[in-house]
There are 2 protein chains.
Amino acid sequence: MNKIVVGIDIGGTNTVFGFVTEKGDVLYQNTIPTQTHEAVEDYVAELADHIKKGKESLKEESEIVGMGIGAPNGNYYTGNIENAPNLRWKGIIKFTEIFKSHFDFPIHLTNDANAASIGEMVFGGAKYMNDFIVVTLGTGLGSGIVINGKVLYGHDGFAGELGHVESVPNGRQCGCGGRGCLETYVSATGVARTATQILSERMDESDLRKIPNDELTSKMVSEAAAKGDAIAIETYNYTTQMLGNALADYVKIASPEAVFLFGGLTKAGDILFEQTKAQMEKKLMPIFQNKVKILPSQLDDNAAIMGASALAWYEIHNDKK
Amino acid sequence: MNKIVVGIDIGGTNTVFGFVTEKGDVLYQNTIPTQTHEAVEDYVAELADHIKKGKESLKEESEIVGMGIGAPNGNYYTGNIENAPNLRWKGIIKFTEIFKSHFDFPIHLTNDANAASIGEMVFGGAKYMNDFIVVTLGTGLGSGIVINGKVLYGHDGFAGELGHVESVPNGRQCGCGGRGCLETYVSATGVARTATQILSERMDESDLRKIPNDELTSKMVSEAAAKGDAIAIETYNYTTQMLGNALADYVKIASPEAVFLFGGLTKAGDILFEQTKAQMEKKLMPIFQNKVKILPSQLDDNAAIMGASALAWYEIHNDKK
């Protein structure tokens, strides 16, 4: 019988879930809105129901052997979602435990960036790597760190918050309550904030001046840059500088084999990778220079499900050891 | 028969070596100057000779079962000392290999800060910890990182250079060729540089003004602070701020259970620990707050030998697994 796992990616808006084989083939995929239920138990019940129906719809008879969940503020050690700012369910939600009342197979949970790093290790570009980091560039900046072939969870399950290292002392306000966090500069929102800042500092003409501040997106900046807009180009220069600096510091601490960049912002293409690498190299000591690759994630469009299901497969194989 | 290991700590000036039991008792200790021989082979031969004589001098008959070496720029993976700026032997020195021509037992080498972290794990305050960092505050700032119970070496053996993360963009010149590295602020030399800077900025009277710049030491600053010298007190405030900031960033990345501070600078006492902790907490997000201990190293005066010999014992037990 075909063995499959369930991969679930919980976002603030949508929950994507599907069945994935050990080879990484996605046999089924579906999406439901995340936050329609007041009680988290009702949300899980709906999701469990969809999973059961989804399984019945498969052509080939299959056995579900595990489930992996990627969730904001997901704690691998406890299986809980803890104080996630973007979810309506507050406090500590015993997410895995609630799910276990619906299914008998093993269920594991971690945060989305950690899931991405496991996805990269199991299905993507890090199959033969023991030490690497995945940096997810979306609305914010997340990171999944792998050391000695294992995800770095830290003593409490919350390691990997590279997005909140202090890039600029007393810098931009961050949603975490701090100031100057890396993700306030290097993320989709960070790019928009940088463009706004540079508009204030420079006098160059720019189409970006016509857009109200709260409508300006990183996509608009990227499109303007492609057309040669000086403000937009300077915005990307600054963004890659900040990212290159942060990666150089990370390399000095952990000396990874590679950095994978993942998410919407990487669509800016080669220039993002080249400029970031150049800046990182500039800040490295000789013993670290020209050793660390900066690569695009090798997970495809199903990345979120691939990451979550990779967690499930990873745990199955780790249990056997 | 009594089983012992040899611990060797190679410093720029002196080499300390000794025999240590599995319980951490130092049975013998001796020191020779490090850099009297032009050829590294002659230095190793002298050291090997001293070790053999030292063993004969032991009261109880003993068997040497391993050797651990802590050395500047020591690479655990290769057993080499690679481009150590403070040693006269340039390039890549196959240190462990040279030693193996003198002895039959297993020989392992790492850098001094990593040795300190293993010492803390085997003999010190981290016996029951899986995730911690040892920060050595001497002339420079070194770090030995333990994750999941293992030293973090990175893909190439050079991880753990926390002293060279960029604390101040375009800040102070560093011996590594970079600028604004943490160790140019937080180390014995960093403290002296900060005092000099504050002397330039402030007009307070201070005994420190009477000392030529190149004679000013962190010990003088510490003594002046104890007497209430405003410049010296401000110097320590600044130093602990910089250290607290860097530790907060490290916590966000690796979420350790504890930070151990080690070395001469920690003699400044409680105030160093309290101020550093307060600053670190200020910079942490709620999920990390009040979780991470900042502790003095629990290795005693023989710390250097303890660290190196802990590496030997650690490897012996790891081999058995």
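Residues numbered from 1 in each chain as written. Chains lettered and ligands numbered in written order. Predicted model: local features only at pLDDT ≥ 70, side-chain atom pairs only at ≥ 80, totals over all residues. Heavy atoms only, no water.

**A word on the overall build of chain A**
In step 1: Tallying secondary structure elements over chain A gives eight helices and 12 strands in all.
In step 2: On C-alpha atoms alone, chain A measures out to a radius of gyration of 20 Å, which is about the 20 Å that the 2.2 N^0.38 rule sets for 321 residues.
In step 3: For chain A, the spread of C-alpha atoms along the three principal axes comes to 65 × 45 × 35 Å.
In step 4: Partitioning the intrachain contacts of chain A with sequence separation of at least 6 by distance along the chain shows that 61% fall at a separation of at least 24.
In step 5: Of the roughly 13900 Å² that chain A leaves accessible, carbon and sulfur atoms contribute 48%.
In step 6: Computing the positive centroid from 29 side-chain charges and the negative centroid from 40, chain A places the two 3 Å apart. (Helix = DSSP H or I, 4+ residues; strand = E, 2+ residues; numbered from the N terminus. Rg over C-alpha atoms; globule rule 2.2 N^0.38 Å. Contact = heavy atoms within 4.5 Å. Areas by Shrake-Rupley, 256 points an atom, 1.4 Å probe, with all protein chains shown as cover. Lys, Arg positive; Asp, Glu negative; His and termini not counted. Charge placed at Lys NZ, Arg CZ, Asp CG, Glu CD.)

**Looking at the side chain of Glu281 of chain B**
In step 1: Within the secondary structure, Glu281 of chain B sits in helix α7 (residues 270–282).
In step 2: Setting aside residues no more than four positions away along its own chain, Glu281 of chain B makes contact with Gln289, Asn290, Lys291 and Val292 of chain B.

**Some thoughts on empty space enclosed by the protein**
Take a probe with the size of a water molecule and roll it over the atoms, and the empty space left behind shows itself.
In step 1: Using the criterion set out here, one finds one cavity of 30 Å³ or more in the structure.
In step 2: A volume near 40 Å³ is recorded for the largest cavity.
In step 3: As for the largest cavity, its lining consists of Ile145, Ile147, Leu152, Tyr250, Ile253 and Ala254 of chain A together with Ile147, Leu152, Tyr250, Ile253 and Ala254 of chain B.
In step 4: Among the secondary structure elements, those contributing two or more residues to the lining of the largest cavity are β9 (141–147) and α6 (230–254) of chain A together with α6 (230–254) of chain B.
In step 5: Residue composition of the lining of the largest cavity, by class: 11 nonpolar, no polar and no charged. (1 Å grid on protein atoms, 1.4 Å probe; cavity = no way out; pocket = protein on both sides within 12 Å on 5 of 7 lines; lining within 4 Å. Points joined across faces, edges and corners; volume = space filled by probe spheres on them. Nonpolar A, V, L, I, M, F, W, Y, C, P; charged D, E, K, R; others polar.)

**Some words on the sheet that holds strand β12 (residues 293–296) of chain B**
Residues and elements named next belong to chain B.
In step 1: Strand order in the open sheet formed by five strands is β10-β9-β8-β11-β12, with mixed pairing between adjacent strands. The strands lining the two open edges of the sheet, one partner per strand, are β10 (150–151) and β12.
In step 2: Of the strands in this sheet, β11 (258–262) and β12 touch α7, which is tilted by about 160 degrees from β12. (Pairing = 2+ DSSP bridges. Axes fitted to C-alpha atoms, helices over the stretch in contact; angles between N-to-C directions.)

**Things to note about the confidence of the model for chain A**
In step 1: This prediction gives chain A a mean pLDDT of 94; 99% of its residues lie at or above 70.
In step 2: Here the predicted complex scores 0.94 on pTM and 0.93 on ipTM. (pLDDT = per-residue confidence, 0-100.)

**Re the interface of chain B and chain A**
In step 1: Facing 35 residues of chain B, the contacting portion of chain A comprises 35 residues.
In step 2: A buried area of about 3100 Å², summed over both sides, lies between chain B and chain A, and 60% of it is on carbon and sulfur atoms.
In step 3: Summed over the three residues of chain B that lose the most area to chain A, namely His155, Glu166 and Ile253 of chain B, the buried surface amounts to 21% of that side.
In step 4: For the interface between chain B and chain A, the tally reads four salt bridges.
In step 5: Notably, a salt bridge pairs Glu166 of chain A with Lys283 of chain B, separated by 2.6 Å at the nearest N-O pair.
In step 6: Where chain B packs against chain A, one counts 20 residue pairs in polar contact (both at pLDDT 80 or more). (Buried area = accessible area lost by both parts, 1.4 Å probe. Salt bridge = Lys/Arg side-chain N within 4 Å of Asp/Glu carboxyl O. Polar contact = N/O pair within 3.5 Å; in protein donor to acceptor, adjacent residues only side chain to side chain.)

**Structural notes on the relation of the copies chain B and chain A**
In step 1: Each copy of the sequence occupies a distinct position, and chain B is placed on chain A by a rotation of 180 degrees and an axial shift of 0.0 Å, giving an RMSD of 0.0 Å. What the superposition gives is, in effect, a two-fold axis relating one chain to the other. Across chain B, the smallest distance between a C-alpha and the rotation axis is recorded for Ile147 of chain B, namely 4.1 Å.
In step 2: A share of 100% of interface residues in chain B that are also interface residues in chain A marks the association as one of identical surfaces. (Least-squares fit on C-alpha atoms with pLDDT ≥ 70 in both.)

**Some thoughts on α7 of chain B**
In step 1: Spanning 13 residues, α7 of chain B covers 18 Å between terminal C-alpha atoms, matching the ideal 18 Å at 1.5 Å per step.
In step 2: Taken together, the buried residues of α7 of chain B touch α6, β11 and β12 of chain B. (Expected span 1.5 Å × (residues − 1).)

**Comments concerning unusual backbone geometry**
In step 1: Positive phi outside glycine occurs at Asn290 of chain A, with the angle close to 55 degrees.
In step 2: Its place among the elements puts Asn290 of chain A in the loop between α7 (270–282) and β12 (293–296).
In step 3: Its identity as a non-glycine residue notwithstanding, Asn73 of chain B has a phi of 55 degrees, on the positive side.
In step 4: Looking at where Asn73 of chain B falls in the secondary structure, it is placed in the loop between β4 (62–70) and β5 (81–82).

**A look at the packing of aromatic side chains**
Between two aromatic rings, the relevant description is the distance of the centres plus the angle of the planes.
In step 1: The full count for this structure, using the stated rule, is 24 aromatic pairs over all chains.
In step 2: Each ring, one from Phe19 of chain A and one from Tyr28 of chain A, has its centre 5.3 Å from the other, and the planes form 35 degrees; the classification is tilted. Here Phe19 of chain A and Tyr28 of chain A have matching classes, each one buried.
In step 3: Seen from their ring centres, Phe132 of chain B and Phe260 of chain B are 5.7 Å apart, and the 85 degrees between their planes marks the pair as edge-to-face. Of this pair, Phe132 of chain B sits in strand β8 (residues 132–137) while Phe260 of chain B is found in strand β11, placing the two residues 128 residues apart along the sequence.
In step 4: Relative accessible area serves as the criterion here: at 0%, Phe132 of chain B is assigned to the buried category.
In step 5: Linked through ring pairs, Tyr43, Trp89, Phe95, Phe99, Phe103 and Phe105 of chain A together constitute an aromatic cluster.
In step 6: The aromatic ring of Phe103 of chain A is capped on one face by Lys52 of chain A, whose charged end is 5.2 Å from the ring centroid. (Phe/Tyr/Trp six-rings, centres within 6.5 Å; stacked < 30°, edge-to-face > 60°. Buried < 20%, exposed > 50% of the residue type's maximum accessible area, 1.4 Å probe, protein only. Lys NZ or Arg CZ within 6 Å of the ring centre and 35° of its normal.)

**Points about the pairing of strand β3 (residues 26–33) of chain B**
Residue and element names in this part refer to chain B.
In step 1: Across seven bridges, the pairing between strand β2 (residues 14–21) and β3 is antiparallel. Each bridged residue has a counterpart across the sheet, and for Asn14 the counterpart in β3 is Pro33.
In step 2: With antiparallel pairing between neighbouring strands as the criterion, β2 and β3 make up a hairpin whose turn holds four residues, including Gly24 at a positive phi of roughly 100 degrees.

**Here we look at the sheet that holds strand β2 (residues 14–21) of chain A**
Pairing between the strands of a sheet is mediated by backbone hydrogen bonds and can be parallel or antiparallel.
Residues and elements named next belong to chain A.
In step 1: Spatially, five strands are ordered β3-β2-β1-β4-β7 in an open sheet, and the strand pairing comes out mixed. Edge positions in the sheet fall to β3 (26–33) and β7 (107–110), since each of these pairs with one other strand and no more. Mean inter-strand twist for the sheet, computed between neighbouring axes without regard to direction, equals 20 degrees.
In step 2: In this fold helix α3 (residues 112–122) packs onto β1 (2–10), β4 (62–70) and β7, with an angle of close to 115 degrees to the strand it touches most, β7.

**Some details on the pattern of salt bridges**
In step 1: One pass over the full model with this rule turns up 18 salt bridges over all chains.
In step 2: Put simply, Lys291 of chain B and Asp156 of chain A hold a salt bridge, and the shortest N to O gap is 2.7 Å. Residue Lys291 of chain B is found in the loop between α7 and β12, and its partner Asp156 of chain A is found in the loop between β10 (150–151) and α4 (188–201); the two belong to separate chains.
In step 3: For Lys291 of chain B, a relative accessible area of 30% corresponds to the partly exposed category.
In step 4: What makes Asp156 of chain A buried here is its relative accessible area of 12%.
In step 5: Lys277 of chain B serves as the salt-bridge partner of Glu281 of chain B, at 2.7 Å between the closest nitrogen and oxygen. On the criterion of helical spacing, the pair formed by Glu281 of chain B and Lys277 of chain B is a turn pair, its members being four residues apart in helix α7.
In step 6: The partly exposed category is assigned to Lys277 of chain B, whose relative accessible area is 25%.

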